[in-house]
Each structure stands twice: as C-alpha cells, then as structure tokens.
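Chain by chain, the residues:
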Amino acid sequence: MPYLPTFLYAAFPATPFGGNIGGVVFEDEPLTPEQRQGIAADLAAPTTGFVTLCEDASFRTRFHSSRSETAMCGHVTVAMWSSPGFVDGYGFVDFSPSAAALS
C-alpha cells in the first residue's frame, strides 16, 4: 500500500483532548472501498474522510465509519478543512462529497 498522509483531529473541542475525533486520509491514488474500510477500522475514529485530489484541482471525499461508508460527516469535514495538506498550494477548493443522496 502506498504512503498515505493520515491525521486524527478533534473537532469542536470544549476542553483539551475533547471534541469529536475524525480521521483524514489523503489518497495519492483512489483506494478500493475495502481498503478504505480497513484503514477506517484501524484508525478507530468514529468516521474517517478519504480525500482524493481530482485532475481539475477539486477534491472528492468518501466518508467511512469502522463498519460502512456514510453519506457525510460534519466533524470530519471540519477536520479536513483544518488540515494543512488540504489547502496547501491549491487556493479555491470545490468540495464534492461522495453521496448522491444528499439532496
């Protein structure tokens, strides 16, 4: 498996070491759903976002709990936008979550 920059963040902390833990993984190449699921389970965060840079400089994000893919996750989205790897060198970012069922 390739090197994957991986971060754990505490979103919305009211106290030190508090908040909702979210994983953020930057994919150099898209992973299979099974690979994402395994990584999410290994990280043991409630939800992990897998971020892929698209050719047009937009990002695609897939959200996985330790058991299944989820449509969206607010605290992981906050964590993702807080990550230095997310906006480093890219200016405007078009965020497109994976779930078509958000409408």
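Note that the structure is predicted; figures quoted are calculated from it, not measured.

1. Some points on the overall build of the protein chain
Move 1: Secondary structure summary: the protein chain contains 3 helices and 6 strands in total.
Move 2: Each helix (α) and strand (β) of the protein chain, taken in turn from the N terminus, gives the series β-β-α-β-β-β-α-α-β.
Move 3: In the protein chain, which comprises 103 residues, the share counted as buried stands at 38%.
Move 4: Counting contacts in the protein chain only where the partners sit at least 6 residues apart, residues at least 24 apart contribute 52% of the total.

2. Overview of the side chain of His75
Move 1: Looking at the secondary structure, you find His75 in helix α2 (residues 74-82).
Move 2: On the basis of relative accessibility, which here comes to 15%, the residue His75 falls in the buried class.
Move 3: Setting aside anything within four residues of it in sequence, one finds His75 in contact with Ala11, Phe12, Asn20, Ile21, Gly22, Pro46 and Thr47.

3. Thoughts on the side chain of Glu27
Move 1: Note on placement: Glu27 falls in strand β2 (residues 20-27).
Move 2: Residue classification places Glu27 among the buried positions, given a relative accessible area of 5%.
Move 3: Of the polar contacts made by the side chain of Glu27, one reaches the backbone nitrogen of Leu31; its length is 3.1 Å.
Move 4: Within polar-contact distance, the side chain of Glu27 engages the side chain of Arg36 at 3.0 Å.
Move 5: If we skip the residues at most four places from it in the chain, Glu27 touches Leu4, Arg36, Phe50, Val51 and Thr52.

4. Here we look at the pattern of salt bridges
Move 1: Per the stated rule, a full pass over the model turns up 2 salt bridges.
Move 2: Among the ionic pairs, Arg36 bridges to Glu27, the shortest N-O distance being 3.0 Å.
Move 3: Here Glu69 and Arg62 are joined by a salt bridge, their closest N and O atoms 2.6 Å apart.
Move 4: Glu69 sits in the partly exposed class, given a relative accessible area of 33%.

5. Some points on the environment of Val78
Move 1: Along the polypeptide, Val78 turns up in helix α2.
Move 2: Along the primary structure Val78 and Gly22 are separated by 56 residues, whereas in three dimensions their C-alpha atoms are 8.8 Å apart.
Move 3: Beyond its immediate chain neighbours, meaning those up to four positions away, Val78 contacts Ala11 and Phe12.

6. Overview of the confidence of the model for the protein chain
Move 1: Within the protein chain, residue pLDDT values average 79, and 79% of them lie at 70 or more.
Move 2: In the model of the protein chain, strand β6 (residues 95-97) stands out as the element of lowest mean pLDDT, 57, in contrast to helix α1 (residues 33-43), which has the highest, 92.

7. A word on α1
Move 1: For α1, the complete set of buried residues consists of Arg36, Gln37, Ile39 and Ala40. Angular distribution of buried residues about the axis of α1 spans 165 degrees; they occupy a single face of the element. Exposed side chains of α1 directed beyond 90 degrees from the buried face belong to Glu34 and Asp42.
Move 2: The inward-facing, buried residues of α1 contact β2, β3 (47-53), β4 (59-64) and β5 (69-70).
Move 3: Phi turns positive, to about 60 degrees, at Ala44, one or two residues after α1.

Cut-off values and rules
- Residues numbered from 1 in each chain as written.
- Predicted model: local features only at pLDDT ≥ 70, side-chain atom pairs only at ≥ 80, totals over all residues.
- Heavy atoms only, no water.
- Helix = DSSP H or I, 4+ residues; strand = E, 2+ residues; numbered from the N terminus.
- Buried < 20%, exposed > 50% of the residue type's maximum accessible area, 1.4 Å probe, protein only.
- Contact = heavy atoms within 4.5 Å.
- Polar contact = N/O pair within 3.5 Å; in protein donor to acceptor, adjacent residues only side chain to side chain.
- Salt bridge = Lys/Arg side-chain N within 4 Å of Asp/Glu carboxyl O.
- pLDDT = per-residue confidence, 0-100.
- Arc of directions from axis to C-beta.

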